[in-house]
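One-letter residues, chain by chain:
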Amino acid sequence: MDYEEAFLHALDGLRQERRYRVFNEIERDAARFPRATWRSPAGPREIVIWCSNDYLGMGRHPAVIEAMVEAARRSGAGAGGTRNISGNSRAIVELEAELADLHRKEAALVFTSGYVSNETGIATLAKLLPDCLILSDAGNHNSMIEGVRRSAREKAIFRHNDLAHLEELLAAAGERAKLIVFESLYSMGGDVAPVGMICDVAKRYNAMTYLDEVHAVGLYGPRGGGVAERDGVMDRVDVIEGTLGKAFGVVGGYIAGKAAVVDAVRSFAPGFIFTTALPPAVAAAAKVSIRYLKNSNIERERHRAQVEKTKAALMRANLPLMPNETHIIPLMIGEAGMCKAASDLLLADHGIYIQPINYPTVSRGTERLRITPTPFHDDALIAELTRALVDVWHKLDLPFAPAMLAQAAE
């Protein structure tokens, strides 16, 4: 067996499908966000990032940075171990209290990433529920899919945001334990789940709910609690999962819920027990970011304004936007090679970075560019983006909106 050849063969397949991922070396500039430096093959070049998950620019907020620096000076760079060994810092305990308050829950538990909090959280909860059936939305993130798989419990996939199908599966499940896992905001299309109505169905069939608010926390609701807070149903969701690495601008993941539920995950989840804790500096910065956004709507209001301006400009240019009510702006292309080519041209010719979204992140034939404006993408940058996209669409002979709509109707 030629082991190296097996790996090279697999990589060659990705290249032939135009799905091989190239990581551009980018240096963020906190003082000039969303501008950054691209370490291109030809040398350093200034670019504008239009695909960051730092949705509100909190990763460059002076108070967040100062909290991180101060904690690092005081406590050092690392956590020193798992939470059980020596990593249970005061900063991380205070962060969990802040998160529990954000979601009006009894307790919260912090993980090293949103991926880990989903994977280990879902798996642990389902394993602890006897004969549990997991009902998972067909559009769920890979981290949730892996959590379902690692639970080794029976699963049923309901059609994306399809309440009738979910109810049909719940009715067929009978009296056994049932865990519904779904997202509030699906990040590749920007569509939103009917959280309250899913809670209604769950109550009728005595099912537990687990809601991923990763792309909504910080952005929606009067204190940034997410879509469930915005819709007034946060108290009806059993477990809320979120991230510290997007709108809060730092890194890490968490779950929040009743004290017994959170304690059960803390006590049984391998992905929590055996992982080094977040460093105090990271926890301190996250706490400051969350507390700040609980009390400030300026960033959310500016963000919404710039998102709407960006959508309006791209629509006027007849670019093929996938419509939604959120801050995610998907530009449909529909073919992996063309999606990569569009991203490359934007970067090389216009200094605009938007990464291509290809399979397996989205299904084949739905490849797209995913644009995420921030409060710091001003009107001039929006105009530059629009001109650049129109130029790339012409150069690659990509269909504009009317043609795209006609093709979809055929």
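Criteria and thresholds
- Residue numbers restart at each chain and count upward from 1, following the sequence in its written direction.
- In keeping with the model being predicted, local features are shown solely for residues with a pLDDT of at least 70 and side-chain atom pairs are shown and tallied solely at 80 or more, while totals for entire chains, interfaces and linings include all residues.
- The basis for the side-chain values is all heavy atoms of the structure; hydrogens and waters are excluded.
- Counted as salt bridges are all cases of a side-chain nitrogen of Lys or Arg within 4 Å of a carboxyl oxygen of Asp or Glu.
- For two strands to be treated as a pair, DSSP must find no fewer than two bridges joining them.
- Numbering goes from the N terminus for both helices and strands, where a helix is a DSSP run of H or I of at least four residues and a strand is a run of E of at least two.
- Simply put, an axis is a line fit to the C-alpha atoms, just over the touching stretch for a helix, and the angle between two N-to-C directions goes from 0 to 180 degrees.
- Roughly parallel covers angles under 35 degrees, roughly antiparallel covers those over 145, roughly perpendicular covers 65 to 115, and oblique covers all other angles.
- Here, residues are in contact when the closest pair of their heavy atoms is within 4.5 Å.
- For this classification, the nonpolar set comprises Ala, Val, Leu, Ile, Met, Phe, Trp, Tyr, Cys and Pro, the charged set comprises Asp, Glu, Lys and Arg, and every other residue, Gly included, is treated as polar.
- Three labels apply to residues, based on accessible area from a 1.4 Å probe with only protein chains included: buried if under 20% of the type maximum, exposed if over 50%, partly exposed otherwise in between.
- By definition, no residue in a patch forms a salt bridge, and every one has over 30% relative accessible area; like charges are joined within 9 Å, nonpolar side chains (Val, Leu, Ile, Met, Phe, Trp, Tyr) within 5 Å.
- All accessible areas in this document rest on Shrake-Rupley with a 1.4 Å probe, and a residue is counted as covered only by the protein chains that are shown.
- An expected span of 1.5 Å times one less than the residue number is assigned to each helix.

1. Here we look at the pattern of salt bridges
In the structure shown here, the tally under the stated rule is 29 salt bridges. Overlapping salt bridges, with partners in common, bring together Glu98, Asp101, Arg104, Arg223, Glu229, Arg291 and Lys294 in one network.

2. Details of the sheet that holds strand β13 (residues 356-357)
Read across the open sheet, the three strands follow the order β11-β14-β13; overall the sheet is antiparallel. Looking at strand neighbours, the two that pair on one side only are β11 (329-332) and β13, the edges of this open sheet. Relative to strand β14 (residues 368-371), β11 runs antiparallel, the two sharing four bridges. The residue of β14 that forms the bridge with Pro330 is Arg370.

3. Focus: the packing of helix α5 (residues 114-128) against helix α10 (residues 259-268)
How two helices sit against one another is set out by the angle between their axes and by the gap between those axes. The contact between α5 and α10 brings their axes to 10 Å, and the two run at 105°. Compared by their axis directions, α5 and α10 come out roughly perpendicular. Across from Thr124, Leu125 and Leu128 in α5, the residues of α10 making contact are Val261, Ala264, Val265 and Phe268. Here the contact of α5 with α10 is composed, by residue class, of six nonpolar, one polar and no charged.

4. With respect to the environment of Leu293
Along the chain, Leu293 turns up in helix α12 (residues 280-295). Judged by its relative accessible area of 0%, Leu293 is buried. Taking the C-alpha atoms as reference points, Leu293 and Val217, 76 residues apart in sequence, are found 9.9 Å from one another. The contact partners of Leu293, leaving out residues within four places of it in the chain, are Leu56, Met58, Gly218, Arg223, Ala247, Phe248, Glu299 and Arg300.

5. Topic: a nonpolar patch on the surface
Judged by side-chain polarity, Leu8, Leu11, Tyr20 and Val22 come together as a nonpolar surface patch covering roughly 330 Å² of accessible area. Considering the arrangement of structural elements, one finds Tyr20 in the loop between α1 (3-16) and β1 (26-28).

6. A look at helix α14 (residues 336-350)
At 3.6 residues per turn, the α-helix brings residues three or four places apart onto the same side. Across its 15 residues, α14 extends 21 Å between first and last C-alpha, which sits within 8% of the 21 Å expected from 1.5 Å per residue. Taken together, the buried positions of α14 are occupied by Ala336, Gly337, Cys339, Lys340, Ala341, Ala342, Ser343, Leu346 and Leu347. Turning to α14, the residues buried within the fold contact β2 (35-40), β3 (43-49), β12 (352-353), β13, β14 and α15 (379-395).

7. Details of the pairing of strand β9 (residues 239-243)
Across the five residues that make up β9, a large majority, five, are buried. In terms of strand pairing, strand β8 (residues 208-212) meets β9 through three bridges, oriented parallel. Within β9, the residue paired with Asp212 across the bridge is Glu241.

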